[in-house]
Amino acid sequence: MPGKMPYEKYDLDMYFEKYRDVPKEVIIKEDLLRLGVHYTDAALEESSKYTTKSYYLFSYDQTDVEEMKRQEFLKAPECFKFKAGPYDLRTSNNKSCIDKPGNTPYKIDCVDGKLQLFWENNYLADIELRSKPPYYSHKLPDGTPYSDIAASIFWGYLSFCTILRSCQYWGTKEECIFCDINTNARKQSKTGRPFMVFKSVEDVVTVMDTIFNKEREPINHALLLTGGAITKELKHQSNIEFYANYVRAIREKIGYRWTLHLQTTALTLDECKILKDAGVDCHHANIEVWDKEKFKIFCPGKEEFVGRDEWVKRVCDSVNVFGEGGVVPTFVSGCELGRPWGFEKWEDAAKSMKDAWEHLMSHGVTPRSSSWVIEPNSVLGQYDQPVVPLDYYIEVDIAWYETWKKYSLPPIKGFTPMGPGRCLSINSGHLDMGY
Ligand code: SF4
């Protein structure tokens, strides 16, 4: 089977020793993201009582949904916190990236009624899961669960609404080669779970009204709207008008207290101003891969419709509209090592990411990293993929934090608390850095 290859045995303590200044929580988080986690039957049964995976955007699983005979896709938690254990770890929030035993050293089991995290069968930490938020019990008149409109992620800090669960960068000539959005939408529909590809303004506003006005939990602070790229008109509207309509309607209902994030393609200044006026606080035009030549191969649709240099220029310019902390392009860190087109050496890939942090942060941008999960239904998942070395992720996180301090940038606006024991982001360890 192509895709993620077996990992080589390694010594976790060696990494703690080698990177003494890096919080252990960051090292374990990155390791969990690159290798995935296996849930025992007992852990799955227990976790099904909590907030389970909603597949709000990509699958983020290391294994195909069709191979999940124990219905892991319905029972595994959206995220989990690990803490305590023999290393007295501070609380760290993590994404569930499901894999099979043997493919990952990480396992979550239920021992004497308590969920625990194991590394190579050694007890590593206690596990805490998030209770289902109140709004998860509601359904729209057509039976669609509210949770299918907006997922509660980052332990509830962020309400994540994928307005459009498909991308108009379609097929191998346009789709980003690490991405499984279009296949994930098709495969999740086949499992029988409700899976709306498109969400109406009315439904989104109803759910946001419930989350932020009627049944707000103290942890709810921000919302993020996203969708695949729109290259043609959708519902007879341009990319900008399509998303601006949602933003205006949400702002009218919930006001301006909570930070509103929007992910779109890279936009011109005039387009950014329209979205800012509509009520967007924070704009994410994801760059994904920094290296110019690799960008062309890894993001062919972005290259064709905007172009790499123009994309980066637009991101930097948009700081003049959204301000520092308000421009947040994501990188799928590690995918630039993906075979057969990626860097040969992890050191070269890490250098490329360091260049990205330097260039963007010097322009007031606060980029973020989302560590690559080798999804079997992406283009890269069709090739044998060695697991990205842990050193790469640790070096990228160190560089992000050092560069962020060098330019005295603010945190990403209304996204997550930062630092070990506080960060709620689940995509990478760089926001858990610090003391
Ligand atoms: S732009 Fe690329 S990463 Fe984003 S949804 Fe489309 S194919 Fe996936």
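Residues numbered from 1 in each chain as written. Predicted model: local features only at pLDDT ≥ 70, side-chain atom pairs only at ≥ 80, totals over all residues.

### A closer look at the sheet that holds strand β6 (residues 114–119)
Logical step 1: If you trace the six strands from one edge of the open sheet to the other, you get β2-β5-β6-β7-β3-β4, paired in mixed fashion. Unpaired on one side and paired on the other, β2 (38–39) and β4 (89–95) mark the two borders of the sheet.
Logical step 2: Each of β4 and β5 (106–111) is contacted by helix α2 (residues 24–35), which is oriented at about 25° to β4, the strand it contacts most. (Pairing = 2+ DSSP bridges. Helix = DSSP H or I, 4+ residues; strand = E, 2+ residues; numbered from the N terminus. Contact = placed C-beta atoms within 7 Å. Axes fitted to C-alpha atoms, helices over the stretch in contact; angles between N-to-C directions.)

### With respect to the site of the ligand
Logical step 1: Surrounding the ligand, one finds Cys 167, Tyr 169, Glu 175, Cys 176, Cys 179, Ile 181, Gly 228 and Ala 229.
Logical step 2: Its residues placed into classes, the shell around the ligand shows six nonpolar, one polar and one charged. (Near = placed C-beta within 6 Å. Nonpolar A, V, L, I, M, F, W, Y, C, P; charged D, E, K, R; others polar.)

### Quick notes on helix α12 (residues 308–317)
Logical step 1: Listed as buried for α12 are Arg 308, Trp 311, Val 312, Arg 314 and Val 315. On an axial view of α12, the arc spanned by its buried residues comes to 160°, and they lie on one face.
Logical step 2: If you follow the buried residues of α12, they end up packed against α10 (292–298) and α11 (300–305). (Buried ≥ 20, exposed ≤ 12 C-beta atoms within 10 Å, placed from the backbone. Arc of directions from axis to C-beta.)

### Concerning the domain arrangement of the protein
Logical step 1: Domain parsing of the protein yields domain 1 (3–129) and domain 2 (135–432).
Logical step 2: Just the C-alpha atoms count here: the centres of domain 1 and domain 2 sit 23 Å apart.
Logical step 3: Each partner contributes to the interface: domain 1 provides 41 residues, whereas domain 2 provides 44 residues.
Logical step 4: The element contributing the most residues to the side of domain 1 that touches domain 2 is α2, with nine residues. (Domains from an automatic or database assignment.)

### Some points on the environment of Ala 399
Logical step 1: Residue placement: Ala 399 occurs in helix α15 (residues 390–406).
Logical step 2: Between the alpha carbons of Ala 399 and Phe 16 there is a distance of 17 Å; along the sequence they are 383 residues apart.
Logical step 3: Residues in contact with Ala 399, not counting those within four places in the same chain, are Met 353, Lys 354 and Trp 357.

### Notes on helix α7 (residues 201–214)
Logical step 1: For α7, built from 14 residues, the straight-helix expectation of 20 Å at 1.5 Å per residue is met to within 8% by its first-to-last C-alpha distance of 18 Å.
Logical step 2: Along α7, the residues classified as buried are Asp 203, Val 204, Val 207, Met 208, Ile 211 and Phe 212.
Logical step 3: Contacts made by the buried residues of α7 are with α5 (146–149), β9 (158–164), β10 (222–227) and α8 (239–254). (Expected span 1.5 Å × (residues − 1).)

### Structural notes on the pairing of strand β7 (residues 122–129)
Within a regular beta strand, the side chains point alternately toward one face of the sheet and then the other, so they alternate between its two faces.
Logical step 1: As paired strands, strand β3 (residues 79–84) and β7 are joined by four bridges and run antiparallel to one another. Within β7, the position partnered with Lys 83 by the bridge is Asp 126.
Logical step 2: Here β6 runs beside β7; their pairing, made up of four bridges, is antiparallel. Bridging across to β7, Trp 119 finds its partner in Asn 122.

### Topic: the environment of Lys 114
Logical step 1: Here Lys 114 is to be found in strand β6.
Logical step 2: Lys 114 sits in the exposed class, given 10 other C-beta atoms within 10 Å.
Logical step 3: For the pair Lys 114 and Asp 11, spaced 103 residues apart in sequence, the C-alpha to C-alpha distance is 26 Å.

### Section: the sheet that holds strand β11 (residues 259–263)
Logical step 1: Here we have five strands laid out as an open sheet, ordered β8-β9-β10-β11-β12, and mixed in their pairing. Every other strand in the sheet has two partners, leaving β8 (151–153) and β12 (282–284) as the edge strands with one partner each. The average undirected angle you get between the axes of adjacent strands in this sheet is 25°.
Logical step 2: Pairing analysis gives three bridges linking β11 to β12, with the strands arranged parallel.

### Some thoughts on the nonpolar core
Logical step 1: Core analysis: the biggest nonpolar cluster contains 117 residues, and Phe 178, Leu 223, Val 247, Val 289 and Met 353 have the highest contact counts within it.
Logical step 2: The element best represented in this core is α15, accounting for nine residues.
Logical step 3: The residues that make up this core include at least three from each of domain 1 (3–129) and domain 2 (135–432).
Logical step 4: The residues contacting Leu 223, other than those within four sequence positions of it, are Leu 158, Ser 159, Cys 161, Met 208, Trp 258, Leu 260 and His 261. (Core = buried A, V, L, I, M, F, W, Y, C linked by C-beta atoms within 7 Å.)

### Focus on the packing of α8 against helix α9 (residues 269–278)
Logical step 1: One can describe the packing of α8 onto α9 by two numbers: an axis separation of 9 Å at closest approach and a directional angle of 15°. Of the possible angle classes, the one that applies to α8 and α9 is roughly parallel. As α8 packs across α9, the resulting crossing turns out to be right-handed. Where α8 approaches α9, its residues Ile 240, Tyr 243, Ala 244, Val 247 and Arg 248 are matched on the opposing element by Glu 271, Ile 274, Leu 275 and Ala 278. (Parallel < 35°, antiparallel > 145°, perpendicular 65-115°, else oblique. Left-handed = near helix turned anticlockwise from the far one by under 90°.)

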